[in-house]
Amino acid sequence: MRIGILGTGNVGRALASAWAGAGHEVVVGSRRPDDQELRAELAELTTAGVRIDSSAGAAAHAEVLVNATPGTDSVALLTTIGAPALAGKVILDVGVGFLADGTLSHPVVSLGEEIQQTFPETRVVKTLCTIDRKVMVAPDSLEGPGTVFLSGEDTAAKKTVRELLTDLGWSDDAVLDLGGIATARGQEHFALLFIGIAQAAGTYEFGIRVVLPAGGGSGLGH
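This section reports on the structure supplied with the text. (Residues numbered from 1 in each chain as written. Predicted model: local features only at pLDDT ≥ 70, side-chain atom pairs only at ≥ 80, totals over all residues. Heavy atoms only, no water.)

1. Focus: the overall build of the protein
Heads up, the rule is: Numbering of helices and strands runs from the N terminus, with a helix taken as a DSSP run of H or I at least four residues long and a strand as a DSSP run of E at least two residues long. Any residue under 20% of the maximum accessible area for its type is buried, any over 50% is exposed, and the rest in between are partly exposed; the area is computed with a 1.4 Å probe on protein chains only. Contact criterion: two residues are considered in contact whenever any of their non-hydrogen atoms come within 4.5 Å of each other. Surface accessibility in these figures is a Shrake-Rupley result with a 1.4 Å probe; residues are shielded only by whichever protein chains are displayed. In this tally, Lys and Arg are treated as positive and Asp and Glu as negative; His is ignored, and so are the chain termini. Taken as the charge centre is NZ of Lys, CZ of Arg, CG of Asp or CD of Glu, depending on the residue.
Across its full length, the protein carries ten helices and eight strands. Overall, the C-alpha framework of the protein stretches about 55 × 35 × 35 Å when taken along its three principal axes. Counting only residues that meet the buried cut, the protein has 46% of its 222 residues in that class. Within the protein, counting contacts between residues at least 6 apart in sequence, those at least 24 apart form 74% of the total. When the accessible surface of the protein is summed, it comes to about 10,600 Å², and 54% of that surface belongs to carbon and sulfur atoms. Computed over 16 positive and 26 negative side-chain charges, the inter-centroid distance for the protein is 2 Å.

2. Looking at a nonpolar patch on the surface
Rules: Patch definition: residues above 30% relative accessible area lacking any salt bridge, with like charges linked at up to 9 Å and the nonpolar side chains Val, Leu, Ile, Met, Phe, Trp and Tyr linked at up to 5 Å. By convention in these notes, a salt bridge is any Lys or Arg side-chain nitrogen within 4 Å of a carboxyl oxygen on Asp or Glu.
Among the surface-exposed residues, Leu176, Leu178, Val210 and Leu212 lie close enough to one another that they form a single nonpolar patch of about 330 Å² accessible area. Tracing the chain through its elements places leucine 178 in strand E8 (residues 175–179).

3. Concerning the nonpolar core
Condition: Put simply, buried Ala, Val, Leu, Ile, Met, Phe, Trp, Tyr and Cys residues joined by side-chain atoms within 4.5 Å make one nonpolar core.
With 35 residues, the main nonpolar core has Ile5, Trp19 and Leu128 as its most contacted residues. For this core, the secondary-structure elements that each account for two or more residues are strand E1 (2–6), helix H1 (10–21), strand E2 (25–30), strand E4 (64–67), strand E5 (90–93), helix H8 (133–137), strand E7 (148–152) and helix H9 (155–167). With residues near it in sequence (within four places) discarded, leucine 128 still touches Leu15, Leu92, Val94, Met136, Val148, Phe149, Leu165, Leu168, Trp170 and Gln187. By size, the runner-up hydrophobic cluster in this structure holds 18 residues, among which are Ala58, Ala62, Leu111 and Ile115.

4. Examining H1
To keep things clear, this is the line we draw: Expected span of a helix, by definition, is 1.5 Å for each gap between consecutive residues, and there is one gap fewer than residues.
With twelve residues, H1 extends 17 Å from end C-alpha to end C-alpha; this agrees with the ideal 16 Å at 1.5 Å per step. Those residues of H1 not exposed but buried are Gly12, Ala14, Leu15, Ala16, Trp19 and Ala20. Once H1 ends, the next one or two residues include glycine 23, with phi positive near 100°.

5. Here we look at the layout of surface pockets
Empty space among the atoms becomes apparent when a probe as large as a water molecule is rolled across them. Note the cut-off: Every definition here rests on a 1 Å grid over the protein atoms only: cavities are sets of points where a 1.4 Å probe fits but cannot get out, pockets are open sets enclosed by protein on both sides within 12 Å along at least five of seven lines, and lining residues have some atom within 4 Å of a point. Grid points are joined across faces, edges and corners, and a volume is the space filled by probe spheres set on the points.
Within this model, the largest pocket holds a volume of roughly 540 Å³. Lining the largest pocket are 22 residues, with Val11, Val94, Val96, Ile131 and Met136 positioned closest to its centre. Sorting elements by how many residues they give to the lining of the largest pocket places helix H10 (residues 184–201) first, with three residues. Estimates place the volume of the second largest pocket at around 220 Å³.

Right, dumping it as structure tokens:
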């Protein structure tokens, strides 16, 4: 699959390396693709076959475009690429935004929702924002199985993203579909609990697991 990744930080690099290793054609998009210092930092990726291009170049390449940019910058960056260039594509959104005081930049409407509303012809799927970058690409590094979540409106897009999660090592039963893109609010708000757990546990490398009642329970009634 042709994957474009917006963002050259730790998350973007980890995902680019893992998906390239799984045989996908990966292009990482940057605002400064010709910067030699950046290219030196990304040398391990380019050696593995990942191409560095502009943000627009990564989007043009992609069947699936991954948003791994800070959530405070994501919509503005996507706007520079333009709605026509994004139409029909799957946007796999990993971003969460924080303000300078540590509060969420999207406390009511999630970033995932804002991207979907701003670019209605794209197919946004929120996932992977509840775990550290190392766990994203190595779920078997944990002592037990974890859960990763999907939020989005498009069934086919979710199926595509689920397949990409499989390539990262997530088993099918580890992926929980929460429903429409509005459920991305819960995924993004988990970032606050994530920080608390990380501070208490002394590590960012942990997962969460949804544990259901024995026998499957009796529904959502009280």
